[in-house]
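Each chain, written out:
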Amino acid sequence: MGRGGALYEGPHVTVVGTRNTTPDGVRATEAAVRTLAAYPITLVSGLANGIDAVAHQAALRDGVRNVAFLGHGIDVVFPAETADIRTRIVHTGGAVASEYLPGEHYRKAQFVQRNRLQAGLADIVVAAEGQRTGGTAHTVRFAATYQRPIVGFTWPGAGDLTELIEPEPTGQLIDIFTTAGRRIFDNLCRSAADSYGHSTFGLSLVERQLGREAELRALPPEDLKRLRQRLDDLLGQEDGGHAR
């Protein structure tokens, strides 16, 4: 359902996690999507309640193409709360995919098998929040089997899924709420986009927002001069950092 080309337009970053989210898990997921949104990346998730839904919604908000894998037939809408997300994914050039026949209802084992597709398509798998005994752990194990880079987000009070990720040769834990952690994740996303030969620009979100603001506001020359000065200040800070 939707545009099948989205399945081939990499890189793909899979963002998954628990249905029982915490406020920090939601913030971590939104931060991850905002970071990858600067680059030509396709987000992959499972259209479940919780972290999956947060990831898809954040991607739609930031103009990121979506792929959602289902654990049931393509004509079965489950959970009902994600019906609008599914529609928006299709209408914005993404895809909703399933390996099950139309009309086939969900079973627990099918969601586990669905997770292998999320891991297999991914260039990076992000486990935003979860427990090592939860469903997200299956995606982590599949990703490890396929030797995909696995990123786990950690913060005080995060679930113990991180204990499953850290020992993996391709696993990496990042504190997404710190500047250093955010930059590490940004570099992973940018490198993935670069590996596909894409032109990358880390301030593309700022550029788009600036264009929208400029259209909506009657900007006097003083405002533009102030913006130019701010850019000059940033360039000066960057040049100073390189000089050191």
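Residues numbered from 1 in each chain as written. Predicted model: local features only at pLDDT ≥ 70, side-chain atom pairs only at ≥ 80, totals over all residues. Heavy atoms only, no water.

As a further point, take the sheet that holds strand E7 (residues 171-174). In spatial order, the strands read E4-E3-E2-E1-E5-E6-E7; together these seven strands make up an open sheet with parallel pairing. On the outer flanks of this sheet lie strand E4 (95-97) and E7, each paired with one strand and no other. In this sheet, neighbouring strand axes are inclined to one another by 20° on average, regardless of whether the strands run parallel or antiparallel. Against the sheet, helix H2 (residues 51-61) makes contact with strand E1 (12-17), strand E2 (42-45), strand E3 (65-69) and strand E5 (124-129), and its axis sits at roughly 140° relative to E1, the strand it touches most. Here helix H4 (residues 108-121) sits on the sheet in contact with E1, E2, E3 and E5, set at roughly 145° to E3. (Pairing = 2+ DSSP bridges. Helix = DSSP H or I, 4+ residues; strand = E, 2+ residues; numbered from the N terminus. Axes fitted to C-alpha atoms, helices over the stretch in contact; angles between N-to-C directions. Contact = heavy atoms within 4.5 Å.)

What follows deals with the layout of surface pockets. One number sums up the size of the largest pocket: a volume of about 950 Å³. Lining of the largest pocket is provided by 23 residues; of these, Arg183, Gly202, Leu203, Val206 and Leu234 occupy positions nearest its centre. Elements that contribute at least two residues to the lining of the largest pocket include exactly helix H1 (23-36), helix H7 (179-195), helix H8 (204-216) and helix H9 (221-243). At seven residues, the largest contribution of residues to the lining of the largest pocket is made by H9. Residue composition of the lining of the largest pocket, grouped by class: eleven nonpolar, four polar and eight charged. One number sums up the size of the second largest pocket: a volume of about 410 Å³. Lining the second largest pocket are 25 residues; nearest its centre among them are Gly17, Thr18, Arg19, Gly135 and Thr136. (1 Å grid on protein atoms, 1.4 Å probe; cavity = no way out; pocket = protein on both sides within 12 Å on 5 of 7 lines; lining within 4 Å. Points joined across faces, edges and corners; volume = space filled by probe spheres on them. Nonpolar A, V, L, I, M, F, W, Y, C, P; charged D, E, K, R; others polar.)

Orientation of H1 relative to H2, taken along the N-to-C sense of each, is 35°, at an axis distance of 9 Å. The two elements H1 and H2 meet at a crossing, and its hand is right-handed. In this structure, H1 uses Gly25, Val26, Thr29, Glu30, Val33 and Arg34 to contact H2, whose residues at the interface are Ile51, Val54, Ala55, Ala58, Ala59 and Arg61. (Left-handed = near helix turned anticlockwise from the far one by under 90°.)

Before going further, it helps to spend a moment on the pairing of strand E6 (residues 150-153). Two faces make up the sheet, and in a regular strand the side chains alternate between them. Along E6, one buried face is formed by Ile150 and Gly152 and the opposite face, lined by Val151 and Phe153, is buried too. On the question of chirality, the crossover connecting E5 to the parallel E6 by way of helix H5 (residues 136-145) is right-handed. By the bridge criterion, four bridges tie E6 to E7 in an arrangement that is parallel. Residue Val151 lies in a different strand from E7, and its bridge partner there is Gln172. (Buried < 20%, exposed > 50% of the residue type's maximum accessible area, 1.4 Å probe, protein only. Right-handed = clockwise from strand over helix to strand, strands pointing away.)

Our next topic: the nonpolar core. If you look at the biggest cluster of nonpolar residues, it comprises 29 residues, and the most contacted ones within it are Val15, Leu36, Leu43, Val126, Phe153 and Phe185. If one sorts the elements of this core by residue count, H1 sits on top with five residues. For Phe185, the residues in contact, after removing those within four places along its chain, are Ala32, Thr35, Val126, Val151, Phe153, Ile174 and Ile176. Ranked by size, the runner-up nonpolar core spans 14 residues in total, among them Ala127, Ala143, Ile150 and Ile165. (Core = buried A, V, L, I, M, F, W, Y, C linked by side-chain atoms within 4.5 Å.)

As a further point, take H4. If you check H4, its first and last C-alpha atoms are 21 Å apart, about what 14 residues at 1.5 Å a residue would give, namely 20 Å. Three or more residues of H4 are buried, namely Gln110, Phe111, Val112, Arg114, Asn115, Gln118 and Ala119. Lining the buried residues of H4 we find E1, E2, H2, E3, E5 and H5. (Expected span 1.5 Å × (residues − 1).)

A few words on the pattern of salt bridges. On inspection of all chains with the given rule, the structure shows nine salt bridges. Between Arg27 and Asp24 there is a salt bridge, with its nearest N and O atoms 3.0 Å apart. Taken together, the residues Arg27 and Asp24, both in helix H1 and three residues apart, mark about one turn of the helix. One salt-bridge network, in which partners are shared between bridges, spans Arg3, Glu9 and Arg65. (Salt bridge = Lys/Arg side-chain N within 4 Å of Asp/Glu carboxyl O.)

Now for the side chain of Arg114. On the secondary structure map, Arg114 appears in helix H4. Although Arg114 is buried, it makes no salt bridge; Asp52 carries the closest opposite charge, 4.9 Å away. A polar contact is formed between the side chain of Arg114 and the side chain of Asn115, at a distance of 3.0 Å. When sequence neighbours within four positions are dropped, the list of residues in contact with Arg114 reads Arg19, Gly46, Phe69, Leu70 and Gly71. (Lys, Arg positive; Asp, Glu negative; His and termini not counted. Polar contact = N/O pair within 3.5 Å; in protein donor to acceptor, adjacent residues only side chain to side chain.)

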